[in-house]
Amino acid sequence: MNVNPLYHHSKSKLMEELEWIQQAKQNPERFAPLYKKYHEQIFRYVYQRMDDEDMAFDVTSQVFMKAIKNIHKYEYRGVPFASWLYRIAKSELYQAFRDEKARRTVNIDGIHLSNFIEEFEHDETENNRKKLLHCIAKLNEQDMQLIELRYFERRSFKEIGEILEITENNAKVKSFRALGKLKKIFIN
Amino acid sequence: MKNYKINLNRKKLSSDYIKSKQNFEDVLSKSFSIGTASKSILKSGWFYGTIGLSSIAVVLCTSYTKPNEIQIGHQSIAKKQTNTQIMLASASLNQVESNHIQIKKNEVKQVQQAITENKQVEPLVVAENQLKDLKPENKHKIQQNIPATKVNLAEEIAAPTKKSTEIMVVIPKISGVHNGDIAWSDFEKGEIFIDQNITIEKFNINYTSQFGDKTVSVDSATIPKEVIQELKDLGLNQTIFITNIVAKDDLGNLLRCYSMDLDIKF
C-alpha cells in the first residue's frame, strides 16, 4: 500500500501545521498555507466520487470556506488536520448529492478490476470484468466507501479510521468484510 | 444509495492542473460573505414574524390544557382536559367518558362474547390495550386464536436461505474457533482444521506487524512458526484475517472455505 506523505506526518511537520492552525484562528488570511497544502488532496477525494469536474472544484472550495469559518472550533486531538477536512468534504459531498447538484459516481481503474478478479481467484475475462462492475454497483454506500478508500485510493487503515471516525482496527475489520461481501456477490 | 454511476479508466488530472485552479482569495472573500448573509436573515421581517406566530400558537395551546375539577356523585375527580378526548358532563361517571372510550368498551364486550360462544376472533380487532381489559383466561384464548398463516410466515423467515454448497459445507476453525475471540494459547497451535476428510491446501493470513499490515501466503494447513513468533513478540490484541482458504476433500475436489476473523486475546 502507498503511504501518503501528506497525511502521515513526522513530528516536526505536525508542529509546523499546528502553528499554522493557531495563526489561522487569529487571522483567517493565515489559512493560506493549509489551503495550498491540502487543496489537491481534498479535490481528488471529492472528484473520485463525482462526475463533473467543475462541480468537484466548487465543492472543494466550499469545504475550505467552511473550514475557514469554523477554524476557531477546531481542536487538535492527536489526528492530522486533514482528517477534519475530509469530514467536512464528506458532509459537503453528500449535501451536493441530496440537493441533486451532482450524482454519486464511482471511478475505477482497470487495474483495480484485475486485482479484485485475481483476489477472487477467477480468470480475467471480459465477462468477469463486466460481472464485477455490476457487483460493485450493488454495494451499499458504507461498503462502497470502504472499498474505495482501501482498494481504489490505497489508504492505510489508520487513515480510513480517521476519515470515517472509527478505530483503525474497526476500519480493518469493516474493509475486509466489505471485500468479503463483494466476493460473495461475485461468486454467487 | 445504490444509484451509482460507474466510470472506468477516467482520465486522471495532473497536479499542475489542479494547482492552477487554486484561488485562496476567492475562497476567503466568500467565506466572509457567508457570514454577512446570515446576519441579514436575523434582521429580516419574516424571521421575526415566524417567531411571533409560533409564540401565539404556544399560548393558545397552553390555554386549552388547564386542569379542571369535576364533581361526580360523592367523589371529586381531578382530570386533565384535552380538546379531543374528554367532554364535560354532569352527574355520573358514564356521562363524563367520551364516545371514543365508550366505543372501545363495546368492542371489548363483543370480543368477550365471541370467546364464550367459541367464535373465531379477528386478530386485528383485539389490540394490546384491549387485552388488558379481559380476564386472564380469556386473554390466553385470544392469543391462541392467532391465524396459522402468521406462524407459518415466522417459520419461513427462520429457515436458512439457500447458499452455494461449495462454501456452506466447509467452515475452517483453529482450536474450535471460526470467528471471534480466541485465546493466544489456542491460536498459537496454528493448525486450521475442518474435517478429517478435508485438508487445507493454502490460505492467506493478514495481520498487523511492527512494520504495518502484512499478508502472508501459506501452502499448508498450519500458520508458519515465524508468523506465530512475530505475533507473540508483538503481544498485541488484534484481529487476524485468514482468507482465500482452499481445501481438498478425499476425492481430490477443491473447495473454497469461509474466511476467518479471529480476535487474538493475550
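What counts as what
Residues numbered from 1 in each chain as written. Chains lettered and ligands numbered in written order. Predicted model: local features only at pLDDT ≥ 70, side-chain atom pairs only at ≥ 80, totals over all residues. Heavy atoms only, no water. Axes fitted to C-alpha atoms, helices over the stretch in contact; angles between N-to-C directions. Helix = DSSP H or I, 4+ residues; strand = E, 2+ residues; numbered from the N terminus. Parallel < 35°, antiparallel > 145°, perpendicular 65-115°, else oblique. Left-handed = near helix turned anticlockwise from the far one by under 90°. Contact = heavy atoms within 4.5 Å. Patch = residues over 30% accessible without salt bridge, like charges linked within 9 Å, V, L, I, M, F, W, Y side chains within 5 Å. Areas by Shrake-Rupley, 256 points an atom, 1.4 Å probe, with all protein chains shown as cover. Salt bridge = Lys/Arg side-chain N within 4 Å of Asp/Glu carboxyl O. Buried < 20%, exposed > 50% of the residue type's maximum accessible area, 1.4 Å probe, protein only. Buried area = accessible area lost by both parts, 1.4 Å probe. Polar contact = N/O pair within 3.5 Å; in protein donor to acceptor, adjacent residues only side chain to side chain.

Caption draft 1: Representation of the packing of helix H4 (residues 81-98) of chain A against helix H8 (residues 157-164) of chain A within the structure. Residues and elements named next belong to chain A. Running from N to C, H4 and H8 point in directions that differ by 55 degrees, and their axes come no closer than 8 Å. Accordingly, the angle class assigned to the pair H4 and H8 is oblique. The interaxial crossing formed by H4 with H8 has right-handed handedness. Here H4 contributes Ser83, Tyr86, Arg87 and Lys90 to the contact with H8, which in turn contributes Glu162, Ile163 and Leu164.

Caption draft 2: Representation of a nonpolar patch on the surface within the structure. Nonpolar side chains collect at one region of the surface, where Leu53, Ile56 and Leu60 of chain B lie side by side and expose about 320 Å² of accessible area between them. If you trace the backbone, Leu60 of chain B turns up in helix H3 (residues 45-63).

Caption draft 3: Inspection of the pattern of salt bridges at higher detail. All chains considered together, the criterion is met by 18 salt bridges over all chains. For Asp143 of chain A, the salt bridge identified is with Lys181 of chain A, shortest N-O distance 3.0 Å. Taken together, the residues Asp143 of chain A in helix H7 (residues 141-152) and Lys181 of chain A in helix H9 (residues 168-187) connect sequence positions 38 residues apart. We classify Lys181 of chain A as partly exposed; its relative accessible area is 42%. Arg177 of chain A is the partner of Asp261 of chain B in a salt bridge, and the nearest nitrogen-oxygen pair spans 3.2 Å. Of this pair, Asp261 of chain B sits in strand E11 (residues 260-265) while Arg177 of chain A sits in helix H9, on two different chains. For Arg177 of chain A, a relative accessible area of 48% gives the class partly exposed. One connected set of salt bridges, linked through shared partners, spans Arg49, Arg104, Glu141, Glu148, Glu153, Arg155 and Glu159 of chain A.

Caption draft 4: Focus on the interface of chain A and chain B. With 54 residues of chain A at the contact, the number on the chain B side is 41 residues. A combined buried area of about 4,500 Å² lies between chain A and chain B, and 56% of that area is made up of carbon and sulfur atoms. Three residues stand out in chain A for area buried against chain B, namely Met65, Glu121 and Lys172 of chain A, and they jointly supply 13% of the buried area on that side. Our count for the chain A to chain B interface comes out at 3 salt bridges. On inspection of chain A and its partner chain B, the count reaches 24 residue pairs in polar contact (both at pLDDT 80 or more). Listing elements by their share of the side of chain A that touches chain B, those giving two or more residues are helix H2 (32-48), helix H3 (53-70), H4, strand E1 (105-108), helix H5 (110-119), helix H6 (126-137), H7 and H9 of chain A. Ranked by residue count, the leading element in the side of chain A that touches chain B is H2 of chain A, at 9 residues.

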